[in-house]
Amino acid sequence: MCGLVGLLSDGRADPAMLRRMADSIAHRGPDDEGIWTSEGNVTGFGHRRLSIIDLSAAGHQPMTSACGRYTLAYNGEIYNHLALRAELAEPPQGGWRGHSDTETILAALTRWGVAATLDRLVGMFAIAIWDHGESKLHLIRDRMGEKPLYYGWIGGVLAFASEMKALRVLPGFSGGVDPEALNYYVHRAYVPAPWSIHPQIFKLEPGCHLALDAAALASPPSAPPSAPCSRPGLELRRYWSADRAARAGQASLFADEGAALEALEAQLRESIALQTISDVPLGAFLSGGVDSSLICALLQQELGGSLKTFTIGFDDPAYDESPHALAVARHLGTDHHPMTVTAEEVRAVIPQLPVIYDEPFADSSQIPTHLVARLARSKVTVALSGDAGDELFGGYTRYLSSRRLWNRLGGMPGPLRKAGGHAIGLVPPGLWRLAGRLPMGKRLSLLDVKAAKLARLMRRADSMADVYADLIDIWGADSPVKGGHALGDIAPGGFADPEHDMMLADTLGYLPGDILCKVDRAAMAVSLETRVPFLDHRIVELAWRMPLAMKIRDGLGKLPLRNLLYRHVPRDLIERPKSGFAIPVGEWLKGPLRDWAGDLLHDSVLQAHFDTAPIERRWREHASGRRDWTQSLWTILMFSAWLRTGADQPQSSS
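In this text the structure is predicted, and so the values were computed from the model without any measurement.

S.K.: Where do I start with the overall build of the protein chain in this structure?
M.R.: Within the protein chain, the regular secondary structure consists of 26 helices and 18 strands. Its C-alpha radius of gyration of 25 Å places the protein chain within 12% of the 26 Å reference for a compact globule of 654 residues. Structurally, the protein chain occupies a C-alpha span of about 80 × 55 × 45 Å along its principal axes. The buried share of the protein chain, taken over its 654 residues, is 59%. Partitioning the contacts of the protein chain with sequence separation of at least 6, the portion at a separation of at least 24 is 73%. Accessible area for the protein chain stands at about 24200 Å²; split by element, carbon and sulfur atoms hold 53% of it. Distance between charge centroids for the protein chain: 5 Å, based on 68 positive and 74 negative side chains.

This is the structure in structure tokens:
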């Protein structure tokens, strides 16, 4: 894991500027630094290294191939690099200098070229390559989007970096807020690739390869390029696609559930074994849920019983799942490191969030994710995570609830359904809250919120996909963005099962835009490398070969992962309601964070971007306890806090 920066210019790749860019992301690589510029300063790379494999100077970056044709800087890990060395058979000219995967990539480029090398890589990566022979820059992002890569045209140069803060130090950085990106953010709580929050600064999409030469400097695109794209000096292609993998998998389904399970276990064991490659201490996050428990069970076996596991607990028992993790850790025999944090310690992270995430980002589980990363970093440098099990194997409750809701609503004639939605919407929220407190409704907490959602669904939904789109839309039609709009239906996948449409939509959007961004920034802020075994692309491809009935059945998702886990952990340690990585943000906004929130929500600068009336209305309703608007208010709070860092303004060139 590392951080990279770079410039493509007409001779202005200044080493001092590259160093300034690289220093801004020193947290991503505190162990080593390197600056390289080409002849004539046409291009240059900066690198900050978190040493994981080959801790010697032989792993120093930027690194040039033995043949002299390629110079490379990259962030990530190539898990199969030893197998690639074996496939290469002959070492590069002069022999291997060390055992880093960086040197392996360069040798592969020399032997096979860029495209064929990408097809062979198993890992997570953001890579910058300068081809001296063709005077061409290659920017590449891993298949699933684990590692970030921003790029854009700033002051006449093409600049790129692992984090946005490295671009903001450049003279000519103009800042600003892209209205389309802001609209996406408000409705989804993250800015999805290829957008960034700034105009003309873009994110390379997962599985994409961008090739550029000097001609690209003269014609910067006004909108984010999306693959495939060809314009003067710029070629963008998608070398791997989760969409294509899903369609190929569904065309070649497993017929036998037992065979599918054995194939999954074999591939998962191989992927975990590859991800143990490290010259520094390694551990794993353990929440006590299905995904992390399965990763830890197989990892503990792979390491021979020496696994360190990490869990954050909270002093509020209503949100504390650490006892479940402890029970799993004891059963597996891991070297477990739990830590209970107070509400004050959790809230102390909030002021750091705009700097950690660089862009507005409003998944509040970013806070405990950062805390558990900080705990792990005190003992290890690498931690494995159980992320992506939900998207690949049908674990989110919204897949089940969308089906249940549509089963109830879909049979009603459209006009009757819409009329019923209007009628429910006319009932005052106070009456719903009163009904929720009656003896017959004592378990119906937040009945007014649920009734409002049901009314909206009945008025708007004409399909199961509509139900799902409404469930994940944070602001809905009440968008406060000036000129904004509800995002509407998810892109149809065209699968026979709507649940697979939803899973693909999450894999393409929510997973890289929210989950992987959250984990990368939270961990790299404390110089911790995270690895995600479920995101080995071979597991992704295998998951899509399973029919829906093998993943979701009888109201329960992630059946393949559960069935594998039960070979190692008793069922009663696992089966409980899923709560996620929740903290009581909504209650804090009415209590200890009330003044902070009120100040941010009434900042006059918001008026440049939002119609503040719906924001003020939701804040009044939330603060009074009449409605729970935690999620939508958190998007505005994180945007307002980000604005206060001055990140939207042009930076000083001094």
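S.K.: I keep staring at empty space enclosed by the protein and nothing clicks. Help me out?
M.R.: Gaps left between atoms show up when a probe the size of a water molecule is rolled over them. Tallied over the full model, the rule gives six cavities of 30 Å³ or more. Roughly 100 Å³ of internal volume is contained in the largest cavity. In terms of lining residues, the largest cavity is bounded by 14 residues, among which Cys2, Arg49, Gln61, Asp101 and Thr102 are the most central. Examining the composition of the lining of the largest cavity, we find that three residues originate from one element, strand S5 (residues 70-78), more than from any other. Among the residues making up the lining of the largest cavity, the classes are represented as six nonpolar, five polar and three charged.

S.K.: Even after reading the chapter, I still don't get helix H6 (residues 242-250), so can you show me in this structure?
M.R.: It helps to recall that an α-helix has 3.6 residues per turn; residues three or four apart then point in one direction. Within the sequence span of H6, burial applies to Ala242, Ala245, Ala246, Gly249 and Gln250. The arc that holds the buried residues of H6, viewed along the axis, is 125°, so those residues lie on one side. Those residues of H6 hidden inside the fold are in contact with helix H19 (498-524) and helix H20 (537-543). At the N-terminal end of H6, a side-chain oxygen is found 3.1 Å from the backbone nitrogen of Asp243, two or three residues along, and the residue is Ser241.

S.K.: Which parts of the structure should I look at to understand the environment of Gln607?
M.R.: Topologically, Gln607 is positioned in the loop between helix H24 (594-601) and helix H25 (612-623). Classification of Gln607 by relative accessible area gives partly exposed; the value is 46%. Put simply, Gln607 and Leu167 are 440 residues apart on the chain and 27 Å apart in space, counted from C-alpha to C-alpha. Excluding residues within four positions of it along the chain, Gln607 makes contact with Lys482 and Thr612.

S.K.: Whenever I open this one, the packing of helix H12 (residues 366-377) against H19 confuses me. Can you help?
M.R.: Relative orientation and spacing of two packed helices are given, respectively, by the angle between their axes and the distance between those axes. H19 packs onto H12 with a crossing angle of 45° between their chain directions and a minimal axis gap of 8 Å. Comparing their axes, H19 and H12 come out oblique. The two elements H12 and H19 cross, and the hand of that crossing is right-handed. On H19, the residues touching Gln366, Thr369, His370 and Ala373 of H12 are Lys518, Val519, Ala522 and Ala523.

S.K.: Honestly, H12 in this entry has me stumped. Any pointers?
M.R.: Given a rise of 1.5 Å per residue, twelve residues ought to cover 16 Å, and the 16 Å separating the end C-alpha atoms of H12 matches this to within 8%. Buried within H12 are the following residues: Gln366, Ile367, Pro368, Thr369, His370, Leu371, Val372, Ala373, Leu375 and Ala376.

S.K.: Please clarify how the pairing of strand S2 (residues 32-37) should be interpreted in this entry.
M.R.: Successive side chains on a regular strand alternate, one facing one side of the sheet and the next facing the other. The sheet contact formed by S2 and strand S3 (residues 43-49) spans six bridges and is antiparallel. In the strand pairing of S3, Ile35 is matched with Gly46. Hairpin connection of S2 to S3: five residues between the antiparallel strands, including Gly40 at a positive phi of 80°.

S.K.: Is there a simple way to think about the sheet that holds strand S13 (residues 234-238) in this case?
M.R.: Two pairing modes exist for strands in a sheet, parallel and antiparallel, and in both the strands are linked by backbone hydrogen bonds. Ordered by their spatial adjacency, seven strands build an open sheet running S4-S5-S6-S7-S11-S13-S12, and the pairing between neighbours is antiparallel. Only two strands of the sheet have a single partner each, and these edge strands are strand S4 (63-64) and strand S12 (229-231). Where strand S11 (residues 208-212) meets S13, five bridges bridge the pair, whose relative direction is antiparallel. Residue pairing across strands places His209 opposite Arg237, the latter belonging to S13. Its contacts with the sheet put helix H3 (residues 101-120) on S4, S5, strand S6 (123-131), strand S7 (136-141), S11 and S13, and the angle it makes with S5 is roughly 105°.

S.K.: Hey, could you run me through the pattern of salt bridges in this one?
M.R.: Close approach of charged atoms allows side chains with opposite charge to pair. Summed over all chains, the structure comprises 41 salt bridges. In this structure, the salt-bridge partner of Arg567 is Glu265, at a minimum N-O distance of 2.4 Å. In this pair, Arg567 is assigned in the loop between helix H22 (559-565) and helix H23 (585-590) and Glu265 in helix H7 (residues 257-274), connecting sequence segments 302 residues apart. When its relative accessible area of 11% is taken as the criterion, Glu265 is described as buried. Taken together, the shared-partner salt bridges connect Arg28, Lys147, Glu163, Lys165, Arg168, Asp358, Asp520 and Arg521 into one network.

S.K.: Explain the pairing of strand S9 (residues 157-161) to me, please; I cannot follow it from the model alone.
M.R.: Of all five residues making up S9, five are buried, and the element is well covered by its neighbours. In S9, alternate side chains face the same way, and those of Val157, Ala159 and Ala161 on one face and Leu158 and Phe160 on the other are all buried. Sheet topology note: the strand S1 (residues 2-8)/S9 ladder contains four bridges and is antiparallel. The partner of Gly6 across the bridge, within S9, is Phe160.

S.K.: How should I be thinking about the nonpolar core in this particular structure?
M.R.: For soluble globular proteins, the rule of thumb is that nonpolar side chains tend to be buried together. Formed by 96 residues in total, the largest nonpolar core has its most connected members in Phe125 and Ile127. The next biggest cluster of nonpolar side chains, apart from the first, holds 64 residues, and it includes Ala362, Ala373, Ala522 and Val585.

S.K.: Would you mind showing me how to read the side chain of Asp363 here?
M.R.: Residue position: Asp363 is located in the loop between helix H11 (353-357) and H12. Taking relative accessible area as the criterion, Asp363 reaches 13% and is therefore assigned buried. A polar atom in the side chain of Asp363 sits 2.6 Å from the side chain of Ser365.

S.K.: Where do I start with the packing of aromatic side chains in this structure?
M.R.: Here a ring pair, both rings aromatic, is described through the centre-centre distance and the interplanar angle of the planes. Within the structure shown, the criterion is met by 14 aromatic pairs. Where Trp36 meets Phe45, the ring centres are 5.1 Å apart and the plane angle is 50°; that geometry is what we call tilted. Comparing Trp36 with Phe45 shows no difference in burial state: the two are buried. For Arg85, the ring lying beneath its charged end belongs to Trp96, and the centroid distance is 3.8 Å.

S.K.: Whenever I open this one, the state of the cysteines confuses me. Can you help?
M.R.: Here is the idea: a disulfide is a covalent bond, and it sits between the sulfur atoms of two cysteines. In total, this model carries zero disulfides according to the counting rule given. Unpaired in this structure, Cys2 has its nearest cysteine sulfur neighbour in Cys517, at a distance of 18 Å.

S.K.: It is not clear to me how the sheet that holds strand S14 (residues 282-285) should be interpreted in this structure. Could you clarify?
M.R.: The parallel open sheet is built from five strands, whose spatial order is S16-S15-S14-S17-S18. The open sheet has two free edges, formed respectively by strand S16 (335-341) and strand S18 (529-531), since each of these has just one partner strand. With strand direction ignored, the average angle separating the axes of adjacent strands in the sheet is 30°. Direction of pairing for S14 relative to strand S17 (residues 382-384): parallel, over a ladder of three bridges. Paired with Ala284 across the bridge in S17 is Leu384.

Quick notes on the rules
Residues numbered from 1 in each chain as written. Predicted model: local features only at pLDDT ≥ 70, side-chain atom pairs only at ≥ 80, totals over all residues. Heavy atoms only, no water. Helix = DSSP H or I, 4+ residues; strand = E, 2+ residues; numbered from the N terminus. Rg over C-alpha atoms; globule rule 2.2 N^0.38 Å. Buried < 20%, exposed > 50% of the residue type's maximum accessible area, 1.4 Å probe, protein only. Contact = heavy atoms within 4.5 Å. Areas by Shrake-Rupley, 256 points an atom, 1.4 Å probe, with all protein chains shown as cover. Lys, Arg positive; Asp, Glu negative; His and termini not counted. Charge placed at Lys NZ, Arg CZ, Asp CG, Glu CD. 1 Å grid on protein atoms, 1.4 Å probe; cavity = no way out; pocket = protein on both sides within 12 Å on 5 of 7 lines; lining within 4 Å. Points joined across faces, edges and corners; volume = space filled by probe spheres on them. Nonpolar A, V, L, I, M, F, W, Y, C, P; charged D, E, K, R; others polar. Arc of directions from axis to C-beta. Polar contact = N/O pair within 3.5 Å; in protein donor to acceptor, adjacent residues only side chain to side chain. Axes fitted to C-alpha atoms, helices over the stretch in contact; angles between N-to-C directions. Parallel < 35°, antiparallel > 145°, perpendicular 65-115°, else oblique. Left-handed = near helix turned anticlockwise from the far one by under 90°. Expected span 1.5 Å × (residues − 1). Pairing = 2+ DSSP bridges. Salt bridge = Lys/Arg side-chain N within 4 Å of Asp/Glu carboxyl O. Core = buried A, V, L, I, M, F, W, Y, C linked by side-chain atoms within 4.5 Å. Phe/Tyr/Trp six-rings, centres within 6.5 Å; stacked < 30°, edge-to-face > 60°. Lys NZ or Arg CZ within 6 Å of the ring centre and 35° of its normal. Disulfide = S-S within 2.5 Å.

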